[in-house]
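The lines below spell out each chain.
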Amino acid sequence: MKTALARLALLATALLAWEVVARVGSPLLYVPPSAALPALRDLLLLRSYPDLPSHLALTVREIAIAYALSVVAGLAVGFALGLYRTVGRAYGPILAALYAVPSVIWYPSLMLFFGLDAASKIAFGFLLGFFPITLAVLAGIRQVNPQLVVVARAFGARPLTIFVKVLVPGMLFTLVGGMRTGLALSVIGVIVGEILGSKAGMGALINHAYGLLRTADYVALVMVTLAVIAASDVTASLVERRARRWTE
Amino acid sequence: MAAPLIAIEGVSRRYVTASGPVDALRDVSLSVDTGEFCTIIGPSGCGKSTLLGMLGGLVALDAGRVLIAGRPVSGPDPRTVATVFQDPGLYPWRTVVENIEFGLELQGVAHADRRRTATELLGPLGLRGFAGKYPRELSGGMRQRVAIGRALAVDTPIVLMDEPFGALDEQTRMLMGEWLLEIWRRTGKTVIFVTHSLHEALALSGRVAVMSARPGRIKSVLELPMPYPRAMESPEIVALRAKLWHEIREESARAMSDA
């Protein structure tokens, strides 16, 4: 209760300071709460951007597809590299080198390959989400105590059983952590992709408002986008906590 | 004479390491009868664990053969052989009972049946009341008892023990030895026990096979016909201890100068 009050006090102070600074400076550039909140209301009541739901749905769909692809490919590549020594030795270093490249340099190529529609955003979200998942699988495999595999073999476990009953539970926490990071990065990829060039989606709306200097609307759109991202991250962290309890 | 339960015949094994090939075992032969408690003792690195790994079907042979009940070992046979390792290798996400029933689960035993078997073992294992605990909540000795429980639950005629008490303090180790003897006498299993403790070998075994330093060979086999529990200060045991030490000393010294 006291913590909640203290947090509220901090929030109120921050809002007040923001209001004061924005009014003294430039209300157009700094967008005080007295301008942002009505803009948020107009946005949510579909007055300023009546087609907000379809843009939001598009962004969420792009994120979902990009993330699903990242998970499938990340797990497949991670296990292939981690479980087959030859494959790992041949391709592991390439993967690490690619991961070191700032992914945003690929984005112009992705737009050229996939066009300005959803496909290029999905591709970018996938590219960003893929690496942390692959690397988490690799780290997770290394982290499983080899003795646990020896014991399972001694008791007659075949490779698939070892995978299901020893490897996956033994690395679950690391794996879920990587999948959480992957989700965050897929979200970033899709939204950055939309902002860099698109005709639809939350990023496109943000660009539109910003380009027309409708700064209050811009802030409101950012808040809605943040809420979506925060919700996805909270869900992921709940899953992660559960996995931690299970693995330890 | 009936064929022995376990027959190790002229077994060799060479490992290739960065600094060249290493002969872990050379021409090892040993046979063990049903119901025996046979100990293998020798200096570190003499290939004791390799030999046990061969019996468990986890390590391949370069030459010779290993027969169990007359059939050559070609891989793990979880219905005949169960192994207890020095590192108990318990699954941290499984409770005590879930760890004990692991082998049965792999064999496809129904949940209720394997749970009953595991629960019945808790008493003799001294783990009553710990069924739902996780390995991290147990002491070292208790963890090793869970690992022994996992090996007993599958009820194989043969149990291999690779320095099971090696990581425990001396007092716990002695108590665990007495406890194991009790279990062995009650179940009548054939036990092959690897150790480098003279005390353990003398207190527990019906026979002790002494291995030489690398390349490992069986140097000699001592019979210990004395009844259990053994008075460790009796003249017989003291004499055997001196004899055993004499055999091992040489090999340990050789192992030390090699290292």
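The residue numbers shown here count from 1 along each chain, following its written sequence. As a convention, the first chain written is A and the first ligand written is 1, with the rest following in written order. Given that this is a predicted model, residues contribute local features only at a pLDDT of at least 70 and side-chain atom pairs are listed and counted only at 80 or more, while totals for whole chains, interfaces and linings are drawn from all residues.

*Asks:* Would you mind going over the overall build of chain B with me for this structure?
*Replies:* A tally of helices and strands in chain B yields 8 helices and 10 strands. Here chain B has a C-alpha radius of gyration of 18 Å; the compact-globule value for 259 residues is 18 Å, and the two agree. In terms of its C-alpha atoms, chain B occupies a principal-axis envelope of roughly 50 × 45 × 45 Å. Exposed residues have 12 or fewer other C-beta atoms within 10 Å of their own C-beta, buried residues have 20 or more, and partly exposed residues fall in between, where C-beta atoms are placed from the backbone. A buried classification covers 40% of the 259 residues belonging to chain B. By definition, any uninterrupted DSSP run of H or I lasting at least four residues is a helix, any uninterrupted run of E lasting at least two residues is a strand, and each is numbered from the N terminus. To get the radius of gyration, use the C-alpha atoms; to get the globule rule, take the number of residues to the power 0.38 and multiply by 2.2 Å.

*Asks:* Help me out: how do you make sense of the nonpolar core in this one?
*Replies:* Here is a general trend for soluble globular proteins: nonpolar side chains tend to be buried in one another's company. Ranked by internal contacts, the top residues of the largest apolar core, which has 122 residues, are Leu55(B) and Ile192(B). Top element by residues in this core is helix α7 (residues 118–143) of chain A. It accounts for 15 residues. Here this core gathers at least three residues from each of two domains, domain 1 (1–80 + 162–259) and domain 2 (88–155) of chain B. The residues contacting Leu55(B), other than those within four sequence positions of it, are Ile6(B), Val66(B), Val73(B), Val81(B), Leu160(B) and Ile192(B). The term nonpolar core refers to a set of buried Ala, Val, Leu, Ile, Met, Phe, Trp, Tyr and Cys residues connected through C-beta atoms within 7 Å. The domain boundaries here were taken from an automatic or database domain assignment. Contact between two residues is assigned when their C-beta atoms, built from the backbone, lie within 7 Å.

*Asks:* Where do I start with the domain arrangement of chain B in this structure?
*Replies:* A common way to express how large an interface is: the accessible area buried when the components associate. All names here are of chain B. One can read the domain layout of chain B as domain 1 (1–80 + 162–259) and domain 2 (88–155). Computed from C-alpha atoms alone, the centre-to-centre distance between domain 1 and domain 2 is 25 Å. Counting residues at the interface gives 8 residues for domain 1, matched by 9 residues for domain 2. We call Asp, Glu, Lys and Arg charged. Ala, Val, Leu, Ile, Met, Phe, Trp, Tyr, Cys and Pro are nonpolar, and the rest, Gly among them, are polar. By residue class, the composition of the side of domain 1 that touches domain 2 is 7 nonpolar, 1 polar and no charged.

*Asks:* Looking at this structure, how should I read the interface of chain A and chain B?
*Replies:* Contacts between the two partners involve 14 residues from chain A, matched on the other side by 15 residues from chain B. At the level of elements, α8 (146–154), α9 (159–196) and α11 (215–247) of chain A are the ones that each hand at least two residues to the side of chain A that touches chain B. Looking at the side of chain A that touches chain B residue by residue, the classes come out as 8 nonpolar, 4 polar and 2 charged.

*Asks:* For this particular structure, what's the right way to read the sheet that holds strand β7 (residues 158–162) of chain B?
*Replies:* Where strands meet in a sheet, backbone hydrogen bonds hold them as pairs that are either parallel or antiparallel. Residues and elements named next belong to chain B. Here we have 6 strands laid out as an open sheet, ordered β6-β7-β8-β3-β9-β10, and mixed in their pairing. Only two strands of the sheet have a single neighbouring strand rather than two, namely β6 (81–84) and β10 (218–223). Averaged over all pairs of adjacent strands, the angle between their axes in this sheet comes to 15°, without regard to strand direction. Bridging between strand β3 (residues 37–41) and strand β8 (residues 190–195) involves 5 bridges; their strand directions are parallel. When the bridges of β8 are listed, Ile41 appears paired with Thr195. Strand pairing requires that DSSP identify at least two bridges connecting the strands. Each axis is a line fitted through C-alpha atoms, taken for helices only over the stretch in contact, and angles between the N-to-C directions span 0 to 180 degrees.

*Asks:* Which parts of the structure should I look at to understand the confidence of the model for chain B?
*Replies:* In low-pLDDT regions, the fine details of the predicted coordinates are not to be read closely. This prediction gives chain B a mean pLDDT of 91; 99% of its residues lie at or above 70. Confidence metrics for the complex model read pTM 0.82 and ipTM 0.90. Scored between 0 and 100, pLDDT is the confidence that the predictor attaches to each residue.

*Asks:* Could you clarify how one ought to interpret helix α10 (residues 202–211) of chain A in this entry?
*Replies:* Counting along an α-helix, one turn takes 3.6 residues, and residues three or four places apart therefore face a common direction. Residues and elements named next belong to chain A. Considered for burial, the residues of α10 that qualify are Met202, Gly203, Leu205, Ile206 and Ala209. Down the axis of α10, the buried set is contained in an arc of 160°. They therefore lie on one face. Remark: Leu213 follows α10 within two positions and exhibits a positive phi of approximately 60°. Working note: the arc is built from the helix axis to C-beta atom directions.

*Asks:* Before we go on, may I ask you to explain the sheet that holds strand β2 (residues 20–32) of chain B in this structure?
*Replies:* Residues and elements named next belong to chain B. Across the sheet, 4 strands lie side by side as β2-β1-β4-β5; this open sheet has antiparallel pairing. Every interior strand has two partners, whereas the edge strands, β2 and β5 (71–72), have only one. Note: strand β1 (residues 6–17) against strand β4 (residues 63–68), 5 bridges, orientation antiparallel. Bridged to Ile8 within β4 is Val66. Running over the sheet, helix α1 (residues 48–55) touches β1, β2 and β4 and is turned about 60° from β2.

*Asks:* Where do I start with the packing of α9(A) against α10(A) in this structure?
*Replies:* When two helices pack together, their arrangement is given by the angle between the helix axes and the distance between those axes. Residue and element names in this part refer to chain A. At a closest axis distance of 7 Å, the pairing of α9 and α10 adopts a crossing angle of 40°. Put simply, α9 runs oblique to α10. The crossing of α9 and α10 is right-handed. Seen from α9, the contacting residues are Ile191, Gly193, Glu194 and Ile195; seen from α10, they are Met202, Gly203, Ala204, Ile206 and Asn207. Our angle categories are set so that under 35 degrees counts as roughly parallel, over 145 as roughly antiparallel, 65 to 115 as roughly perpendicular, and the remainder as oblique. In this scheme, a crossing is called left-handed if the near helix is turned counterclockwise away from the far one by less than a right angle; it is called right-handed if the turn is clockwise.

*Asks:* Hey, could you run me through the pairing of β4(B) in this one?
*Replies:* All names here are of chain B. Where β4 meets β5, 2 bridges bridge the pair, whose relative direction is antiparallel. Paired with Ile68 across the bridge in β5 is Arg71. In sequence, β4 turns back onto β5 through a hairpin of 2 residues, with Ala69 there showing a positive phi of about 50°.

*Asks:* Just to check I follow, could you spell out the packing of α7(A) against α9(A) for this structure?
*Replies:* All names here are of chain A. The N-to-C vectors of α7 and α9 enclose an angle of 160°; their axes lie 7 Å apart at closest approach. With respect to α9, the axis of α7 lies roughly antiparallel. Relative to α9, α7 is oriented so that their crossing is right-handed. Looking at side-chain class alone, the contact of α7 with α9 contains 18 nonpolar, 13 polar and 2 charged residues.

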